[in-house]
Amino acid sequence: MSPQDGGRDDSRLVYHPAGRDTALRAALEDLRTGRWMSMRNLLAATGDDWGLRTARSQVLATAAARSDILQVWQAEEPDGADVPLMQARVAVERVLQAHRQGRTDAPALARAAREACLRAGRLHPADPVPWVCLLALAQVDERQQLPEHRQPAPEQMLPPGPWGLLGEAHQRDPFNREAFHRMLKFWLTRAAGSHGDAIDFVRATVSWAPAGSALMVLPLYAYVEQYRLQRDRDQLDPLTRRQWTRDHIALDVDRALALWFDQPADAARTPLDLNHLAHGLWAGGRLGDAGRVFDAIGPYATTAPWAHVADDPAAAEREFAWARSQCRNSGAHPVRGHSPG
């Protein structure tokens, strides 16, 4: 059996941004010790597998943003094909960090990052990643001051937003996972919006996306964020605590199970998506189905969503282990009506 089929000992949980991607894991280890060639070689080998390129470059940028490794790479290989892309990625990551910290230099960093993204897009016009980066920057423009962040929506019921940027990414890589997740982040953070806008967006997304797309899991992220916000504001009520058993949420969980997880296996399935689906099934009382997803997760737990829905946010690992144990001990048949947490 493969690890995805549960054929290994998963009692010791693994928390790693690379998940099962061993090549990415090796590049990250080299990057953290100041070596850039594995990063260069990995991106070159990824080629025009746009979904994989998007995912790998995002993880690499998060690590590279903590060092000057890109300056070293550029100095030693000034014509490196992927240097502009990673410069844009790292610039955006630093903007998001500055914005979260409330730093006064965040707007200036955002302007410079935007130019880096546009430059990367000009150099590699077929690549969706620069447009995904521009979508990530949209979430720091909370009042939608830039015209590109308040374009008309393709459907009348959806509000204006960075639809043009999403369209550019989608044109190059249809239903690019990160692009739609960045769009969700935009709806969750904009000053004039509401959580209803985010829900409308994710429901529209699953109506557009084909079977097998990881975007079938996107609504579950929105529901977890809704729960987290109310918990952090001490506004949880009994209905919110039991939201996972409500019909419309159960339908979205069912859709993610049937139209994503139960479709032919996708080698690019992320532990984060699997963990969100396992949580949604478990919290909705679908213990048997959740057990199947936990088997696919193996040891690759993620902090989200468990930290966001636990009473104690520091208890993510305990919450995951408890849920997995319940599901594996429940027998083979799905059970409805129980709503943990």
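If you're wondering where the values come from, they're calculated on a predicted model, not measured in any experiment.

Draft legend 1. Summary view of helix α17 (residues 316-328). Taking 1.5 Å of rise per residue, the 13 residues of α17 would be expected to cover 18 Å, and the 18 Å separating its terminal C-alpha atoms lies within 8% of that figure. Among all positions of α17, only Ala 316, Glu 319, Phe 320, Ala 323, Arg 324 and Cys 327 are buried. Along the axis of α17, the buried residues cluster in a sector spanning 125 degrees; they form a single face. Structurally, α17 contributes buried residues whose contacts are with α14 (271-283), α15 (287-297) and α16 (306-309).

Draft legend 2. Quick peek at the pattern of salt bridges. Per the stated rule, a full pass over the model turns up 22 salt bridges. A salt bridge links Asp 262 to Arg 292, with the nearest nitrogen and oxygen atoms 2.9 Å apart. Of this pair, Asp 262 sits in the loop between α13 (247-261) and α14 while Arg 292 sits in helix α15, and the two are 30 residues apart along the sequence. Of the residues examined, Asp 262 reaches a relative accessible area of 41% and is grouped as partly exposed.

Draft legend 3. Structural context of helix α8 (residues 163-172). Turning to α8, its buried residues are Trp 163, Leu 165, Leu 166 and Ala 169. Projected down its long axis, α8 shows its buried positions confined to an angular sector of 160 degrees, all on one face. Each element contacted by the buried residues of α8 is listed here: α7 (129-138), α9 (177-189) and α10 (195-208).

Draft legend 4. Spatial organisation of the side chain of Glu 178. By secondary structure assignment, the location of Glu 178 is in helix α9. A distance of 2.7 Å separates the side chain of Glu 178 from the side chain of Arg 89, its partner in a polar contact. Ignoring any residue separated from it by four or fewer positions in sequence, one finds Glu 178 in contact with Thr 54, Gln 58, Arg 89 and Val 132.

Draft legend 5. Molecular detail of the packing of aromatic side chains. This model, assessed by the stated rule, comprises 13 aromatic pairs. Pairing Trp 282 with Trp 306 gives two aromatic rings, centres 5.9 Å apart and planes at 55 degrees, and the pair type is tilted. With Trp 282 in helix α14 and Trp 306 in helix α16, the pair connects residues that are 24 residues apart, well separated along the chain. Exposure class is identical for Trp 282 and Trp 306. Each is buried.

The rules we used
- Residues numbered from 1 in each chain as written.
- Predicted model: local features only at pLDDT ≥ 70, side-chain atom pairs only at ≥ 80, totals over all residues.
- Heavy atoms only, no water.
- Helix = DSSP H or I, 4+ residues; strand = E, 2+ residues; numbered from the N terminus.
- Expected span 1.5 Å × (residues − 1).
- Buried < 20%, exposed > 50% of the residue type's maximum accessible area, 1.4 Å probe, protein only.
- Arc of directions from axis to C-beta.
- Contact = heavy atoms within 4.5 Å.
- Salt bridge = Lys/Arg side-chain N within 4 Å of Asp/Glu carboxyl O.
- Polar contact = N/O pair within 3.5 Å; in protein donor to acceptor, adjacent residues only side chain to side chain.
- Phe/Tyr/Trp six-rings, centres within 6.5 Å; stacked < 30°, edge-to-face > 60°.

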